[in-house]
Amino acid sequence: MNIRVATYNIHKGVTGIRGRPRIHDVRQALQAIDADIVFLQEVQDRNERLAHHPDQPLGTQLEYLSFGAYAHRAYGMNAVYPHGHHGNAILSRHRIVNFINHDISDHVLEKRGLLHAVLRVGRGRGSEVHLICLHLGLIKRSRVRQATFLADLVQREVPPDAPLIIAGDFNDWQQRVDGLLRTRLGVEEVAVAARSTTRAKTMLNWLLTWRSGKQPGAGVSRTFPSFAPWLTLDRIYVRGFEVLDMHVPNGLAWARCSDHAPLIAELRL
């Protein structure tokens, strides 16, 4: 069974400087991505300051983004303020059985959460897949502590043979969290796995005297800033899946949607 997965930090659905709504562009982006499961960060599900703005849709951001495409959704509220709140969210075409949000804030200045959901895929009873959507802190020590909480949670709550997807904005430009998760959880990052698969296919094609035009490249998972991606902040880690492909869409149209570009992976359960 093949599943398309995407992770996307939508920057609260507003522009960076003036804070004008651009949630319509985000919705069009999600329609273009056409993923079965979407991990979202910085979903501002309530903002009373923009409630009467002509470009602000009726209802909540989550309702607007999931309408017509995703029958199932989960939301974890992380930061609450007088005029609204924001957090992480998961949109899915498969049934979400249950979900819980964990507060992993390391200090009062950064409210962070970890949204753990379980969904069922396939016919009949199907298979349960564990999903974790998160947004780690900006300070290295905070990220390491939050990643340690994540590893403890997975080892405690997720069966070792259950398919697992961990996705979100890791802010891990120093690669400290990456090593911790690989060592403790036995997960693989989709960009690394996809490059390995591409290299193997290229070698096989060379042996068969036919060569694919697709070339593996360094830094293919760079997603930030979206107008000129340089940092690999957004990641998708998997266990129990084969990584078929991954890519990061780029261009001016994507840069207008958010300060992050989405990371998209094709997986086989």
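As a reminder, the structure under discussion sits directly above these lines.
Just so it is clear, the model here is predicted, and its values are computed rather than measured. (Residues numbered from 1 in each chain as written. Predicted model: local features only at pLDDT ≥ 70, side-chain atom pairs only at ≥ 80, totals over all residues. Heavy atoms only, no water.)

Moving on, we come to the side chain of Arg 235. Structurally, Arg 235 can be placed in strand β10 (residues 234–239). Arg 235 gets classed as buried once you look at its relative accessible area, which sits at 3%. At a separation of 3.0 Å, a polar atom in the side chain of Arg 235 contacts the side chain of Tyr 237. For Arg 235, the residues in contact, after removing those within four places along its chain, are Thr 7, Ile 166, Ala 167, Gly 168, Phe 170, Asp 172, Gln 175, Asp 178, Glu 189 and Leu 263. (Helix = DSSP H or I, 4+ residues; strand = E, 2+ residues; numbered from the N terminus. Buried < 20%, exposed > 50% of the residue type's maximum accessible area, 1.4 Å probe, protein only. Polar contact = N/O pair within 3.5 Å; in protein donor to acceptor, adjacent residues only side chain to side chain. Contact = heavy atoms within 4.5 Å.)

This part takes up the sheet that holds β10. The strand order across the open sheet built from 6 strands is β5-β6-β7-β8-β10-β9, with neighbouring strands paired in mixed fashion. Strand pairing shows two members of the sheet lacking a second neighbour, β5 (95–103) and β9 (188–189), which therefore form its edges. Here 8 bridges tie strand β6 (residues 113–121) to strand β7 (residues 127–135), and the two strands are oriented antiparallel to one another. Directly across from Leu 115, in β7, lies its bridge partner Cys 133. Strands in contact with helix α4 (residues 176–185) are β8 (164–169), β9 and β10; relative to β10, the strand with the most contacts, it is inclined by about 10°. (Pairing = 2+ DSSP bridges. Axes fitted to C-alpha atoms, helices over the stretch in contact; angles between N-to-C directions.)

This structure, assessed with the given rule, holds 12 salt bridges. Through salt bridges that share partners, Asp 172, Asp 178, Arg 182 and Arg 235 make up one connected network. (Salt bridge = Lys/Arg side-chain N within 4 Å of Asp/Glu carboxyl O.)

Let us now look at unusual backbone geometry. Going from Phe 224 to Pro 225, the amide bond is cis rather than trans, its omega being -10°. Of note, the phi angle at Lys 12 is positive, near 65°, even though the residue is not glycine. Residue Glu 42 is not a glycine yet carries a positive backbone phi of 60°. Tracing the sequence through the fold places Glu 42 in strand β2 (residues 37–47).

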